[in-house]
Amino acid sequence: SQPVAKDKYTVEITELKQVILKNSSSPEAKNAHLRLAHLYYDHKNHRRNYHKALKHLKAYVSLEKSTVNGETLDWMASLKEIERLSKEIAAQHQQIKKMKKQIKQSKTAKLALTRTNRKLTREEINLREKNRKLEESNQNLRKTIEMLKNLDQRLEEKRKNFNN
């Protein structure tokens, strides 16, 4: 496999990091931090990273002995706001992910409840049918008992009449 061709940003960023590693408090390092901030912020950089841009801009400001101009401070404020909003967006993405998981679990639970409900409905229908048949059977038994009572009474009367 061939190594991935490095774009001009990656090459320059690597070189500037080396400058900072050589002497982190040198004027060259200070300027490297500013240039890195620009590179990480550049809209043409496909690996744009506002967090790293802010980190290097802060390093530049801390190394800059003279007062930093308003434009640089505005830039830093913008980067801080971008970083704050990025964190907020990341937190919202986490919430969305969590909610999607909860929705999936709810759907699974709903499915299980629907199956259970159908099963219970079938059981209820079967029990109602059994109950109807038992009531019918009870009704028939009552009739039979009534008929047996009548028969018993008639037999008793015949017995009395026979004995007389």
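That block above? That's the structure.
Quantities reported herein were computed from a predicted structural model and do not represent experimental measurements.

**Q** When you look at helix 2 (residues 27–41) in this model, what are you seeing that I'm missing?
**A** Since there are 3.6 residues in each turn of an α-helix, residues three or four apart along the chain are aligned in direction. Under the 1.5 Å per step criterion, the end-to-end length of helix 2 is 21 Å for 15 residues, consistent within 8% with the ideal 21 Å. Within the span of helix 2, buried status applies to Ala29, Lys30, Ala32, His33, Leu36, Ala37, Leu39 and Tyr40. Check the buried side of helix 2 and you find it contacts helix 1 (8–22), helix 3 (50–63) and helix 4 (70–163).

**Q** How do you make sense of the packing of aromatic side chains when you look at a structure like this?
**A** To describe a pair of aromatic rings, one takes the distance between the centres and the angle between the planes. Scanning the model with the defined rule gives two aromatic pairs in all. Arranged with centres 5.7 Å apart and planes meeting at 70°, the rings of Tyr41 and Tyr50 form a pair that is edge-to-face. Residue Tyr41 is classed as partly exposed on the basis of its relative accessible area, which comes to 31%. When its relative accessible area of 29% is taken as the criterion, Tyr50 is described as partly exposed. Judged by centre distance (5.5 Å) and plane angle (75°), the rings of Tyr41 and Trp75 are edge-to-face. Taken together, the positions of Tyr41 in helix 2 and Trp75 in helix 4 put the pair 34 residues apart, joining distant regions of the chain. One aromatic cluster is present, built from ring pairs that chain together Tyr41, Tyr50 and Trp75.

**Q** For this particular structure, what's the right way to read the packing of helix 2 against helix 4?
**A** At a minimum axis distance of 13 Å, the contact between helix 2 and helix 4 shows a crossing angle of 50°. Considering their axes alone, helix 2 and helix 4 lie oblique with respect to each other. Both helix 2 and helix 4 take part in a crossing whose hand is left-handed. Taken together, the residues of helix 4 that come into contact with helix 2 (itself represented by Leu34, Ala37, His38 and Tyr41) are Trp75, Leu79 and Ile82. When grouped by side-chain class, the residues that make up the contact of helix 2 with helix 4 number six nonpolar, one polar and no charged.

**Q** What is the right way to read the packing of helix 1 against helix 2 from this model?
**A** Two measures define how a pair of helices packs: the angle their axes make with one another and the distance between the axes. The geometry of helix 1 relative to helix 2 is characterised by a closest axis approach of 9 Å and an angle of 155° between their N-to-C directions. For the element pair helix 1 / helix 2, the angle class is roughly antiparallel. Between helix 1 and helix 2 lies a crossing whose hand is left-handed. Of helix 2, the residues touching helix 1 (which contributes Tyr9, Glu12, Ile13, Leu16, Lys17, Val19 and Ile20) are Glu28, Ala29, Ala32, His33, Arg35, Leu36, Leu39 and Tyr40. Looking at the contact of helix 1 with helix 2, its residues break down into 10 nonpolar, one polar and four charged.

**Q** It is not clear to me how the environment of Tyr50 should be interpreted in this structure. Could you clarify?
**A** Positionally, Tyr50 belongs in helix 3. Each C-alpha atom of the pair Tyr50 and Arg142 lies 89 Å from the other, and the pair is 92 residues apart in sequence. Leave out the neighbours within four places in its chain, and Tyr50 touches Tyr41, Leu79 and Ile82. Of the polar contacts made by the side chain of Tyr50, one reaches the side chain of Arg48; its length is 3.2 Å.

Reading the values: rules and limits
- Residues numbered from 1 in each chain as written.
- Predicted model: local features only at pLDDT ≥ 70, side-chain atom pairs only at ≥ 80, totals over all residues.
- Heavy atoms only, no water.
- Helix = DSSP H or I, 4+ residues; strand = E, 2+ residues; numbered from the N terminus.
- Expected span 1.5 Å × (residues − 1).
- Buried < 20%, exposed > 50% of the residue type's maximum accessible area, 1.4 Å probe, protein only.
- Contact = heavy atoms within 4.5 Å.
- Phe/Tyr/Trp six-rings, centres within 6.5 Å; stacked < 30°, edge-to-face > 60°.
- Axes fitted to C-alpha atoms, helices over the stretch in contact; angles between N-to-C directions.
- Parallel < 35°, antiparallel > 145°, perpendicular 65-115°, else oblique.
- Left-handed = near helix turned anticlockwise from the far one by under 90°.
- Nonpolar A, V, L, I, M, F, W, Y, C, P; charged D, E, K, R; others polar.
- Polar contact = N/O pair within 3.5 Å; in protein donor to acceptor, adjacent residues only side chain to side chain.

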